[in-house]
Amino acid sequence: MIQAHDARAVRAAEDPLLARGEPLMQRASWALAGAVLRELRTARGAVRGAHVCLLVGSGNNGGDTLFAGARLAGRGVRVSAVLLDDRVHRDGLAALRAAGGIVTHAAGRTFDDVARHVVEADVVLDGILGIGASGGLRGLAGDVVRAVVRRLETAPRRPLVVAVDVPSGIGVDDGSLPRPDPARSGSRGAQQPSDPVVLRADRTVTFGAAKPGLLLPPAAALAGEVEVVDIGLGLDDDRTWHPGAVRRLAPQDLVDQGALAAPTGTAHKYSRGVLGVVAGTEDFPGAAVLTVSGAVRTGVGMVRYLGDPSVTAAVLAARPEVVPAAGRVQAWAVGPGLPAAPAAPAGQSGHSGNGDAARSQRTRVRHALAQATGELSSDVVGDAVPVVVDAGALPLLPDRCPPWVVLTPHAGELATLLRSRGDDVERSDVEAEPLRWARRARDLTGATVLLKGEVTVVVGPSGAYAQADGPSWLATAGAGDVLAGILGSLLAARSEDAVRDPGLPALLAASAALLHGRAAHRANPGGPVSALDVAEAVPGTVAALLRGDL
């Protein structure tokens, strides 16, 4: 498991060590230089004569970069530093000059000249802004990086870009990116010469602990491969949830944390969990097939399906082990393939989404939600159970939910849900700040929130997860339905625990995202997948996870 710590937690860990005189900058710069040397050996076979260009800002981040440059120069690397601020780290600058590094100030050169020099390097170190900065690159630094990014777009070769601690300008604690000023962007939102920009890194060498912005979208896509360097902060040993902490599960965590377990010799279908599914309509029968397939293939003991007879027939044709009858369940998965209820035009009542079959499904969803939230007495339906709420079931949520209600929207659905509760937010806002808006949905509803995307963000009462386990091919119709079935299966297997432990549904949601993503890779490595391909790859993925082969 990776646990990322926000800037406040990192500074709190650093301060007493710095007060004792611990050489944190020296440790960081040694590690940074070592990472660059490894990259040069891989790319060139030798380091002597290679060119490394440093983009240097003020503060300790620039100091790390300058000291690393001095060590590289001592190994025969040609090091040039472009200063982007008048207030750079004095001792680091002196060390670089003493080692033979070449230093220029960007203010004395044209932006195009600086950009040409940067792009000609073998490796570029982005040491402009660190974790103490907020907002995007401004002034001279912003102008230079924009020029570099423009030149990289047409350059015949791209240098390896290594971000120092974080790519400069990202939201360190939330993964956001600086957004253009709408007043300057024109009616079509075209990028303007002064719009904020971030230099995309191929590798980020981060010190002491991962930072949330390196795991969270959209900034995670600009961080490249992340290498965490231990400089003695002790944060790796701290597994407590801090308010700003973000976790990423590794495959072994699913077994270690109890999200996956092989049945014991005394297990039976009821002890392994029974999942009730309300999904699909006559218009979208495939959603029901995909949801039950995801659940069955994950290993739940039984799936009960409730729906229209024609959809039920399709479900049984695909998965004959499904039980098409009501009964006690340990969890629900509701909403895939269920259109949101539209406002019926005057004199009409039978169009898509508002027909009898769709209304019946919505009634079943409300019943499942009432059981999950405890609105129905236990002598009628049994105790409260977890529920996965997807797609067309999201508008049917009660005002407040317990944490074992897990919402699984994509960005557009989350924006719609938030607007229904009074927030002025669009899909683009959610995509720009997914952690912020997932947390907002959690606060407004009380539910655990799994926000689907290239990086899936899960927010529960104890903290957040960010899972990036699937290929880009997973962005395909029906994939979310399979995920709902997988998650429903995991919740059914740990039903009583999920109701008792408020943090467990978020762990199981993150586990489902990991399993879903790994199954997509397994279904067709490096190539396109369909949703049903993913479901069919789940059993082998579960087996590999249990064996420790992933």
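Residues numbered from 1 in each chain as written. Predicted model: local features only at pLDDT ≥ 70, side-chain atom pairs only at ≥ 80, totals over all residues. Heavy atoms only, no water.

A. Just the side chain of Asp126, in detail. In this fold, Asp126 is placed in strand β5 (residues 123-127). Although Asp126 lies buried, it forms no salt bridge, and the closest oppositely charged side chain, Arg158, sits 9.5 Å away as judged by the N-O distance. (Helix = DSSP H or I, 4+ residues; strand = E, 2+ residues; numbered from the N terminus. Buried < 20%, exposed > 50% of the residue type's maximum accessible area, 1.4 Å probe, protein only. Lys, Arg positive; Asp, Glu negative; His and termini not counted. Salt bridge = Lys/Arg side-chain N within 4 Å of Asp/Glu carboxyl O.)

B. Quick peek at helix α6 (residues 139-154). With 16 residues, α6 should reach 22 Å at 1.5 Å per residue; the first-to-last C-alpha distance of 24 Å fits that figure. Buried residues along α6 sit against α5 (111-119). (Expected span 1.5 Å × (residues − 1). Contact = heavy atoms within 4.5 Å.)

C. Representation of the pattern of salt bridges in the model. A complete count under the given rule lists 27 salt bridges for this structure. Among the ionic pairs, Arg157 bridges to Asp122, the shortest N-O distance being 3.7 Å. Placement of the pair is Arg157 in the loop between α6 and β6 (160-164) and Asp122 in the loop between α5 and β5, with a sequence separation of 35 residues. Under the relative-accessibility criterion, Arg157 is labelled partly exposed at 38%. Taking relative accessible area as the criterion, Asp122 reaches 24% and is therefore assigned partly exposed. Across the pair Asp497 and Arg494 runs a salt bridge whose closest N-O atoms are separated by 2.8 Å. A cluster of three or more residues bridged by salt bridges with shared partners is formed by Arg38, Glu39, Arg203, Glu225 and Glu227.

D. Just the confidence of the model for the protein chain, in detail. Of the residues in the protein chain, 93% reach a pLDDT of 70 or more, and the chain-wide mean stands at 91. The model gives residues 184-191 a pLDDT under 50, and that stretch makes 10 contacts with residues more than four places away or in other chains. Every residue in residues 343-351 scores below 50 in pLDDT, and together they form nine contacts with partners more than four places removed in sequence or on other chains. (pLDDT = per-residue confidence, 0-100.)

E. How the structure looks around the pairing of strand β10 (residues 274-278). Counting buried residues along β10, five of its five residues qualify, which places the element largely inside the surrounding structure. Here β10 shows a buried face lined by Val274, Gly276 and Val278 and a second buried face lined by Leu275 and Val277. Pairing analysis gives five bridges linking β10 to strand β11 (residues 302-306), with the strands arranged parallel. Bridge pairing links Val278 to Leu306 in β11. (Pairing = 2+ DSSP bridges.)

F. Spotlight on the environment of Cys401. The topology assignment puts Cys401 in the loop between β13 (387-389) and β14 (405-407). Separated by 45 residues in sequence, Cys401 and Gly446 have C-alpha atoms that sit 5.0 Å apart.

G. Geometry of the sheet that holds strand β1 (residues 2-4). On the basis of which strands lie adjacent, the open sheet formed by 10 strands has the order β1-β9-β17-β16-β15-β14-β13-β12-β10-β11 and mixed pairing. Strands with a single pairing partner mark the edges of an open sheet, and in this sheet they are β1 and β11. Each strand of the sheet is rotated relative to its neighbour by a mean of 20°, with strand direction disregarded. Looking at chain direction, strand β15 (residues 448-451) and strand β16 (residues 456-459) are connected through three bridges and run antiparallel. In the sheet register, Leu451 faces β16, and the bridge partner there is Val457. Helix-sheet contacts for helix α10 (residues 285-298) involve β10, β11 and β12 (331-334), and the interaxial angle to β11 is about 165°. (Axes fitted to C-alpha atoms, helices over the stretch in contact; angles between N-to-C directions.)

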